[in-house]
Amino acid sequence: MIIATAGHVDHGKTSLVRALTGIDTDQQAEEKRRGLTIELGFAWVFTDEGQALGFVDVPGHERFMATMLAGVAAVDAALLVAAADDGVMPQTREHLSVLRLLGVERLVIVLSRCDLAEPARVALVRDELHELLAPQGWDEPPVFCVSAVTGEGIQLLQEYLLGLARDHRLRTPGGHARLMVDRRFSVAGAGCVVTGTLVSGSLQVGQRLLADGLELRVRSLQIAGREAPQVAVGQRCAVNLVGVTEEHPRRGDWLTAVAFDSSDRLDVELVQLEGSRWHRGLLQLHLGTAVHPVRVVVLEEGRPALAQLMLQRPVQAVWGERFIIRDPAVNTTLGGGRVLDPQGLRRGRGKAQRLALLRDWQQAATARQALMAAMRWQPVELGGFAQRFNLTEAELQALLDTINDCEVLCGQRQAWALLPERLEAAWASVFAWLGAWHAAHPEQLGPGEGELKLAAGLQLPSELSSCLLSRWLRDGRLQRQVWAWHLPGHRQQLLEEDQMLLARVSELLLAGGLRPPIIGELSQALEMELEQLQAFLQRMQRAGELIAVAPNRYYLPSQIDGLVAVAQRLAAGSCSGSFTAAEYRDASGIGRNLTIQVLHYLDRAGITRFVREQRFLAAG
Ligand SMILES: Nc1nc2c(ncn2[C@@H]2O[C@H](COP(=O)(O)OP(=O)(O)O)[C@@H](O)[C@H]2O)c(=O)[nH]1
Ligand SMILES: [Mg+2]
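Read on for a plain summary of the structure. Model, not experiment: these values are computed from the prediction.

**What about unusual backbone geometry?**
At step 1: Between His248 and the following residue, Pro249, the backbone shows a cis peptide bond with an omega angle of -5°.
At step 2: Residue placement: Pro249 occurs in the loop between strand 14 (236–242) and strand 15 (254–256).
At step 3: A cis amide bond, omega 0°, links Arg303 with the succeeding residue Pro304.
At step 4: Positionally, Pro304 belongs in the loop between strand 18 (290–300) and strand 19 (305–315).
At step 5: Its identity is not glycine, yet Arg612 carries a phi of approximately 45°, on the positive side.
At step 6: The topology assignment puts Arg612 in the loop between strand 30 (608–611) and strand 31 (614–617).

Below is the structure:
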């Protein structure tokens with residue numbers, strides 16, 4: 001369990017931690033000289049059962065607010081320290097707001113320096129604190145009166161805190177490991193060590209980690225000064241790393257088990273503190289242990305509001321992550337909130353539908369609820385969803401398994417989840433559109449895939465549309481001849497004279513085997529004008545009856561099957577599963593030039609793939 005101190009400068013935070021743990025967290029010479037905490041300090045004690053109770057001692061001076069925020073970014077509880085002889089002061093208030101905004105669950109009030117104040121004065125400060133807390137919604141936090149000098153109240157407080165540590169349940173593990181770095185230093189003989197809190201997943205010795213694109217390895221781990229083979233979610237640890245550079249990792253960096261997408265837009269839930277003055281200029285975003293310049297655009301007013309954070313550099317975040325916004329010019333906290341979508345939208349960020357989704361994601365308590373909500377709006381690309389909610393593959397699969405009425409469609413690179421009714425709506429729109437198309441173009445077999453995907457009102461990512469079409473092809477709702485898509489049972493109506501001509505042309509083409517005659521030869525054999533013949537052939541191509549493999553050579557669909565069969569035989573007969581143009585020429589006997597044209601056609605048609613002078617059969 002990790003507890004942070006909070007409160008105004010000089011109110012006795014560091015002295016309190018020393019009294020509780022015996023560790024002086026003001027280690028730096030400058031801190032000693034000025035009697036002031038500048039850097040984060042760390043100390044710990046253990047319960048009788050061996051659970052570590054870690055303390056993060058933060059600076060109280062307003063100048064070091066960024067450091068304070070890095071310290072409380074991921075703690076389980078906070079000790080709000082107020083000196084009995086001084087009362088509530090500006091940073092008492094600011095720190096309290098910050099703890100609230102960061103969602104710190106437990107608060108313990110400590111009236112310090114009680115030896116310096118009369119009991120009446122202590123009671124007054126207690127009332128003052130109560131007044132401050134009540135409207136903020138903390139439910140009656142316990143209050144302890146202590147003195148680090150006389151030791152009064154220290155043991156009672158210590159027992160209480162150890163009790164909390166004993167009852168503390170580590171957060172449910174989940175997600176890929178993400179550790180927010182709050183300190184970096186060198187240890188003689190060991191090298192680079194960083195400290196930080198693991199906010200998801202788990203860490204093991206030997207594990208590979210990424211920091212800002214840099215690949216690192218965990219050489220050793222420590223929790224509360226003791227070597228540990230692994231670290232669980234919610235624990236603070238020191239990580240000895242191999243592979244560091246001078247620049248990274250450093251405070252503000254994330255160490256992660258997998259690469260996370262970053263973005264310079266975050267769509268968030270925003271709480272604006274009462275009386276705070278917001279503006280469109282540059283503000284400061286405190287996210288994790290980092291600070292970034294940011295502009296804030298409110299998308300929808302409310303308590304909390306919805307907003308977009310616009311950053312100068314991309315950052316990584318996940319759904320639910322807390323943040324604070326400060327105005328550096330006047331050195332005050334304006335508010336804070338939670339990340340709702342770490343991939344904020346560039347276009348359409350303020351559309352009603354989008355805002356409704358953000359509100360749903362604000363209400364959602366689990367990734368499952370968020371997925372259900374998102375599916376109501378549109379198909380959900382699962383890779384992106386898993387990133388936003390930091391789900392491992394297994395977690396995503398387990399989540400999908402709990403949703404009964406959900407269709408998952410897998411494309412070549414992406415997969416989508418959508419509600420069955422959406423699937424049916426998409427089918428209804430394709431069915432209606434294609435029916436109308438057939439009626440409007442009776443002489444043609446059907447449109448090409450590109451036209452169908454664009455025009456049929458699917459308004460879906462291209463890869464998803466392809467998935468849908470293949471699915472309907474498999475279940476027989478659609479049919480395709482070479483490239484033309486059509487409804488089952490639809491046949492183009494050829495003019496009678498076209499039909500008769502097609503029969504004669506087919507005969508001539510078939511006689512050529514894999515090498516049907518070219519247009520010139522056809523025109524001679526048919527005693528027909530070249531131009532007229534060409535117009536006919538193009539008409540037949542649109543009707544799906546013929547296929548132009550080269551500008552001057554047409555094939556019947558059945559002949560194309562023959563060309564494909566040669567490719568399949570060659571691929572099957574070679575160890576590499578591939579073949580060269582020369583091999584195809586020899587196997588087909590169609591000559592060098594036509595071979596080149598045929599292979600280009602097969603590539604275009606997606607039947608073969610050309611890689612380093614070799615052709616492979618395309619998957620699927
Ligand atoms: N008399 C008295 N002085 C205290 C007590 N706690 C802290 N101090 C003094 O108050 C000053 C500030 O204490 P420190 O722990 O550095 O405060 P911080 O800035 O909140 O960390 C120091 O001079 C301490 O010696 C206490 O319980 N009684
Ligand atoms: Mg201090």
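Back to the write-up after that little detour.
**Thoughts on the packing of aromatic side chains**
At step 1: This structure, assessed with the given rule, holds eight aromatic pairs.
At step 2: Judged by centre distance (4.4 Å) and plane angle (25°), the ring pair of Phe385 and Phe389 falls under stacked. In this structure, Phe385 and Phe389 share a single accessibility class: buried.
At step 3: Among the aromatic residues, those joined into a ring-pair cluster are Trp319, Trp361, Phe385 and Phe389.
At step 4: The ring of Trp254 has Arg178 lying over it, and the distance from NZ or CZ to the ring centre is 3.9 Å.
At step 5: A cation over a ring is seen here: Arg178 above Phe260, with NZ or CZ 5.2 Å from the ring centre.

**Let's talk about the sheet that holds strand 24 (residues 415–418)**
At step 1: Strand order across the open sheet formed by three strands is 22-24-23, with antiparallel pairing between neighbours. In the strand order of this sheet, the two ends are held by strand 22 (380–381) and strand 23 (407–410), each with one partner.
At step 2: Two elements, strand 23 and strand 24, share four bridges in a ladder whose sense is antiparallel. Bridge assignment links Cys410 to a residue of strand 24, and that residue is Ala415.

**A few points about the site of ligand 1**
At step 1: Of all residues adjacent to ligand 1, which total 15 residues, the nearest are Asp10, Lys13, Ser15, Asp115 and Ala148.
At step 2: Residue Arg113 places a side-chain N or O atom 3.0 Å away from an oxygen atom belonging to ligand 1.
At step 3: One nitrogen or oxygen atom from the side chain of Asp115 is found 2.8 Å from a nitrogen atom belonging to ligand 1.
At step 4: Of the residues in the shell around ligand 1, the class split is four nonpolar, seven polar and four charged.

**Overview of the sheet that holds strand 31**
At step 1: The strand order across the open sheet built from three strands is 29-31-30, with neighbouring strands paired in antiparallel fashion. Across the chains shown, the open sheet's two edge strands, defined by having one partner strand only, are strand 29 (578–579) and strand 30.
At step 2: Strands strand 29, strand 30 and strand 31 of the sheet are contacted by helix 19 (residues 592–604), whose axis makes an angle of about 110° with strand 30.

**Digging into the packing of helix 11 (residues 420–440) against helix 13 (residues 462–474)**
At step 1: The N-to-C vectors of helix 11 and helix 13 enclose an angle of 80°; their axes lie 12 Å apart at closest approach. Here helix 11 lies roughly perpendicular to helix 13, going by the angle between them. The segment helix 11 lies against helix 13, with Leu423, Ala426, Trp427 and Val430 engaging Leu468, Arg471 and Trp472.
At step 2: Classifying every residue of the contact of helix 11 with helix 13 by side-chain character gives six nonpolar, no polar and one charged.

**A short note on the nonpolar core**
At step 1: With 36 residues, the main nonpolar core has Val56, Met68, Val72, Val98, Leu99, Leu107 and Leu129 as its most contacted residues.
At step 2: Those elements that provide at least two residues to this core are strand 1 (2–6), helix 3 (65–72), strand 4 (77–83), helix 4 (90–101), strand 5 (106–112) and helix 5 (119–133).
At step 3: Excluding its chain neighbours within four sequence positions, the residues that come into contact with Met68 are Ala6, Val58, Pro59, His95 and Val98.

**A word on the coordination of the magnesium ion (ligand 2)**
At step 1: Bound to the magnesium ion (ligand 2) on the protein side are Thr14 (OG1) and Thr37 (OG1), at distances that span 2.0 to 2.1 Å. Of this pair, Thr14 sits in helix 1 (residues 13–21) while Thr37 sits in the loop between helix 2 (29–34) and strand 2 (41–46), placing them 23 residues apart in sequence.
At step 2: The exposure class of Thr37 is buried, given its relative accessible area of 8%.

**Focus: the pairing of strand 17 (residues 283–287)**
At step 1: Burial within strand 17 is extensive, with four of its five residues counted as buried.
At step 2: Pairing analysis gives five bridges linking strand 17 to strand 18, with the strands arranged antiparallel. Among the inter-strand pairings, Leu287 is bridged to a residue of strand 18, identified as Ala290.
At step 3: Hairpin geometry of strand 17 and strand 18 is characterised by an intervening segment of two residues between the two adjacent antiparallel strands and by a positive phi of about 60° at Gly288.
At step 4: Where strand 17 and strand 20 (residues 322–327) come together, four bridges link them in antiparallel fashion.

Rules used in this analysis
Residues numbered from 1 in each chain as written. Chains lettered and ligands numbered in written order. Predicted model: local features only at pLDDT ≥ 70, side-chain atom pairs only at ≥ 80, totals over all residues. Heavy atoms only, no water. Helix = DSSP H or I, 4+ residues; strand = E, 2+ residues; numbered from the N terminus. Phe/Tyr/Trp six-rings, centres within 6.5 Å; stacked < 30°, edge-to-face > 60°. Buried < 20%, exposed > 50% of the residue type's maximum accessible area, 1.4 Å probe, protein only. Lys NZ or Arg CZ within 6 Å of the ring centre and 35° of its normal. Pairing = 2+ DSSP bridges. Near = heavy atom within 4 Å. Polar contact = N/O pair within 3.5 Å; in protein donor to acceptor, adjacent residues only side chain to side chain. Nonpolar A, V, L, I, M, F, W, Y, C, P; charged D, E, K, R; others polar. Contact = heavy atoms within 4.5 Å. Axes fitted to C-alpha atoms, helices over the stretch in contact; angles between N-to-C directions. Parallel < 35°, antiparallel > 145°, perpendicular 65-115°, else oblique. Core = buried A, V, L, I, M, F, W, Y, C linked by side-chain atoms within 4.5 Å. Donors = N, O, S within 2.8 Å, 3.2 Å for Na, K, Ca; no water.

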